[in-house]
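# Per-entry structural report
Residue-level listing of the chains:
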Amino acid sequence: MPVFKDIASLRQWRQSLRGTLAFVPTMGNLHEGHMALVRLAAARAEQVLVSIYVNPLQFGPNEDFAQYPRSLDKDLQQLHAAGCSTVFIPDDALMYPRGRKDLSIIIPPHSLAKVLCGASRPGHFAGVCTVVNKLLQMVQPEILILGEKDYQQLRIVQQMVADMNMTTQILPGPVQREADGLAYSSRNARLSPGERQIAPLLAATLFDLVQRSTPQASIAELAQAGQDSLEQVGFVMDYLELRDSDTLQAVNVARPGARWFTAAHLGQTRLIDNVMIPL
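Residues numbered from 1 in each chain as written. Predicted model: local features only at pLDDT ≥ 70, side-chain atom pairs only at ≥ 80, totals over all residues. Heavy atoms only, no water.

This brings us to unusual backbone geometry. Even without glycine at this site, asparagine 29 takes up a positive phi of about 50°. Inspection of the secondary structure assignment puts asparagine 29 in the loop between strand 2 (21–26) and helix 2 (32–44). Residues other than glycine seldom take positive phi values, yet leucine 116 does so here, at roughly 50°. Relative to the elements of secondary structure, leucine 116 occurs in the loop between helix 5 (110–113) and helix 6 (117–120). On the basis of relative accessible area, leucine 116 is assigned to the buried category, the value being 4%. (Helix = DSSP H or I, 4+ residues; strand = E, 2+ residues; numbered from the N terminus. Buried < 20%, exposed > 50% of the residue type's maximum accessible area, 1.4 Å probe, protein only.)

Right, here's the structure in full:
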């Protein structure tokens, strides 16, 4: 399994390929959620490339960039076992050779990027779009695989690709969950044993809200009840909202295809999740 750390070698490899290339961008510390995306990529393309890069551009000044878990050796072993063809591991000097203070960046649409996580993480999605755009230019894949756990990110990247007239097809991967319902996340490793026992209540609350989301229900009352129950067990809420899956705008009446979104801190760890009302 070749591992590239420079653009020239990556492009030489890319030019020699025959068949379809699927690309899975990651920040490392890989888990079963990532492996499901790699397997999805392998099922849809002859070649699979995974990138590992913790992008500083998408972290705010008071966020956990320095503490973000890194496990490169373990990551490479998992990728090899999952059928990954190639790994790309750029560093800051490669991604941002002139530094990050005077940089061309991609500004995503405000309607998608200023709500939900974007409301409390200014600049986050500009950092996401910029690094994904750069990686797509470097890798030139036919297919981009993104997980639905970071659903807002998925929608923003979809819009960026459409707005920039890119030909890359985006294929979403369903949220992968542990046996108790907690969505897989690299940040789960930072939960204490006690917090790990509480964390599945985030998903459980969303699934309960989905069941209670009838056309006659008050969305505001449902959201408040869900938030109150989570705060009682120790979550510090960022948001708990029902929004349209396409526009990410607030929904006042429950309808199939809308999604409940949440973000909350448990101790020092920020968790996100979303569940769609079934079609």
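After that view of the structure, there is still more to cover.
Within the element layout of this structure, arginine 270 appears in strand 9 (residues 269–276). Of note is the side chain of arginine 270, whose polar atom sits 2.8 Å from the side chain of aspartate 238. Residue contacts for arginine 270: discarding those within four places in its chain leaves Cys117, Ser120, Arg121, Arg187, Asp238, Tyr239, Ala263, Ala264 and His265. (Polar contact = N/O pair within 3.5 Å; in protein donor to acceptor, adjacent residues only side chain to side chain. Contact = heavy atoms within 4.5 Å.)

This next bit is on the pairing of strand 6 (residues 169–173). When strand 5 (residues 143–147) meets strand 6, the two strands line up parallel, connected through five bridges. Within strand 6, the position partnered with leucine 144 by the bridge is isoleucine 170. Handedness of the crossover is the feature at issue here: the chain leaves strand 5, passes through helix 8 (residues 151–163), returns alongside strand 6, and the resulting connection is right-handed. (Pairing = 2+ DSSP bridges. Right-handed = clockwise from strand over helix to strand, strands pointing away.)

Let's shift gears to the environment of methionine 160. Mapping methionine 160 onto the fold places it in helix 8. You can call methionine 160 buried: its relative accessible area is 5%. For methionine 160 and isoleucine 107, which are 53 residues apart along the polypeptide, the C-alpha to C-alpha distance reads 8.9 Å. If we ignore the near neighbours within four places in the chain, the residues touching methionine 160 are Ile106, Cys129, Val132, Asn133 and Met166.

Here the focus is the sheet that holds strand 4 (residues 86–88). Taken in spatial order, the six strands line up as 1-4-3-2-5-6 in an open sheet, and their pairing is parallel. What marks the edges here is a single partner per strand, and that holds for strand 1 (3–4) and strand 6. Examined bridge by bridge, strand 2 and strand 5 share two bridges and lie parallel to one another. By the bridge assignment for strand 5, alanine 22 is matched with isoleucine 143. The sheet contacts of helix 7 (residues 124–139) involve strand 2, strand 3 (47–52), strand 4 and strand 5, and relative to strand 2 the element is tilted by about 145°. (Axes fitted to C-alpha atoms, helices over the stretch in contact; angles between N-to-C directions.)

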